[in-house]
Amino acid sequence: MWFKIIGGFLVLFSSSSIGFIVAKYYSERPKLLRQLQNALSMLETEINYSNSPLPEALRNVALRCDKDVSFLFSKTKEYINSTDGLTAAEAWEKALKAFSRTKSLNETDIEILDAFGKYLGTSDREDQINKLRLTLSQLRSQENKAIEEKEKNERVWKYLGVMTGLLIVLLLI
């Protein structure tokens, strides 16, 4: 008797947790995209008005931006300054790989950020600003899509997790 009750509770808890974890992805992605846009806007300001060298600009952005995205900028700066001789584009790519493994970004988001990184430090200031603005525009579009997905899917996954758990418990009893 107790085994069924405890087992049922564990099944319900596990399936509900899975639903909430998937829902969290839909909830975090728009926030992360907004934070990335803010950080890239700061980088644009650093490049355009401060005339800071790229490692210094990346450091300044990492210090001022949200902690969820500061990793990307601080790691890129770290890789540029390392003795490995990485270019800015290679450093960005390496930092982006590490960053994207732990964050709620989809493949398109990563492709946009990767495409931006290929131009990082390879052209003049005006071209860098143009690439930044294009990236910001693309991320804004992705954020709008992410908000739509969140509104559509977040609640569904929460309910699906709970209802699946209840169904399994009912089938076991």
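Look a little higher up for the structure.
Residues numbered from 1 in each chain as written. Predicted model: local features only at pLDDT ≥ 70, side-chain atom pairs only at ≥ 80, totals over all residues. Heavy atoms only, no water.

Asks: Would you explain the overall build of the protein in this entry?
Replies: A count of helical and extended segments in the protein gives six helices and zero strands. Taken against the 2.2 N^0.38 rule, which gives 16 Å for 173 residues, the C-alpha radius of gyration of the protein at 21 Å runs more than 25% over that of a compact globule. With the C-alpha coordinates of the protein rotated into their principal frame, the extents come out at 70 × 35 × 25 Å. Taken over 173 residues, the protein has a buried fraction of 40%. (Helix = DSSP H or I, 4+ residues; strand = E, 2+ residues; numbered from the N terminus. Rg over C-alpha atoms; globule rule 2.2 N^0.38 Å. Buried < 20%, exposed > 50% of the residue type's maximum accessible area, 1.4 Å probe, protein only.)

Asks: Honestly, the side chain of Ser104 in this entry has me stumped. Any pointers?
Replies: Relative to the helices and strands, Ser104 is located in the loop between α4 (88-101) and α5 (107-119). Side-chain polar atoms of Ser104 contact the side chain of Glu28, separated by 3.1 Å. Apart from the residues within four sequence positions on either side, Ser104 is in contact with Tyr25, Glu28, Arg29 and Leu32. (Polar contact = N/O pair within 3.5 Å; in protein donor to acceptor, adjacent residues only side chain to side chain. Contact = heavy atoms within 4.5 Å.)

Asks: Just checking my understanding: could you explain the nonpolar core for this structure?
Replies: The tendency in soluble globular proteins is for nonpolar side chains to be buried side by side. Counting 35 residues, the largest nonpolar core has Leu36, Leu40, Leu43, Phe73 and Trp92 as the members making the most contacts within it. Elements that contribute at least two residues to this core include exactly α1 (2-50), α2 (54-64), α3 (67-81), α4, α5 and α6 (125-172). If you tally residues by element for this core, the top one is α1, at eight residues. Filtering out sequence-adjacent residues up to four positions away, Trp92 remains in contact with Leu40, Leu72, Phe73, Thr76, Leu113, Asp114, Phe116, Gly117 and Leu120. (Core = buried A, V, L, I, M, F, W, Y, C linked by side-chain atoms within 4.5 Å.)

Asks: Explain the pattern of salt bridges to me, please; I cannot follow it from the model alone.
Replies: Pairing between side chains becomes possible if they bear opposite charge and their charged atoms approach one another. All told, the structure shown has twelve salt bridges when counted by the stated rule. Where Glu46 meets Arg64, a salt bridge forms, and the shortest distance between an N and an O atom there is 3.0 Å. Residue Glu46 is found in helix α1, and its partner Arg64 is found in helix α2; the two are separated by 18 residues along the sequence. Glu46 gets classed as buried once you look at its relative accessible area, which sits at 5%. For Lys103, the salt bridge is made with Asp68, and the minimal N-O distance between the two is 3.9 Å. One end of the pair, Lys103, is in the loop between α4 and α5; the other, Asp68, is in helix α3, and 35 residues separate them in sequence. (Salt bridge = Lys/Arg side-chain N within 4 Å of Asp/Glu carboxyl O.)

Asks: Sorry if this is basic, but what is going on with the packing of aromatic side chains here?
Replies: Any pair of aromatic rings gets described here by the distance separating the centres and the angle formed by the planes. Tallying each qualifying case throughout the model produces four aromatic pairs. Seen in terms of ring centroids, Phe73 and Trp92 are 5.7 Å apart; in terms of plane orientation they differ by 70°. Their pairing is edge-to-face. Taken as a pair, Phe73 in helix α3 and Trp92 in helix α4 lie far apart in primary sequence, 19 residues in all. Taken together, the aromatic side chains of Phe73, Trp92 and Phe116 make up a single cluster linked through ring pairs. Geometry around Tyr79 places Lys94 over its ring, the cationic atom sitting 4.6 Å from the centre. (Phe/Tyr/Trp six-rings, centres within 6.5 Å; stacked < 30°, edge-to-face > 60°. Lys NZ or Arg CZ within 6 Å of the ring centre and 35° of its normal.)

Asks: Teacher, can you tell me more about α6 here?
Replies: Between the first and last C-alpha of α6 there are 65 Å, a value that for 48 residues agrees with the 70 Å anticipated at 1.5 Å per step. Taken as a whole, α6 carries its principal kink of about 35° at Lys150. (Expected span 1.5 Å × (residues − 1). Bend = angle between axes of the 7 residues up to and from the residue.)

In short, geometric facts, not functional conclusions.
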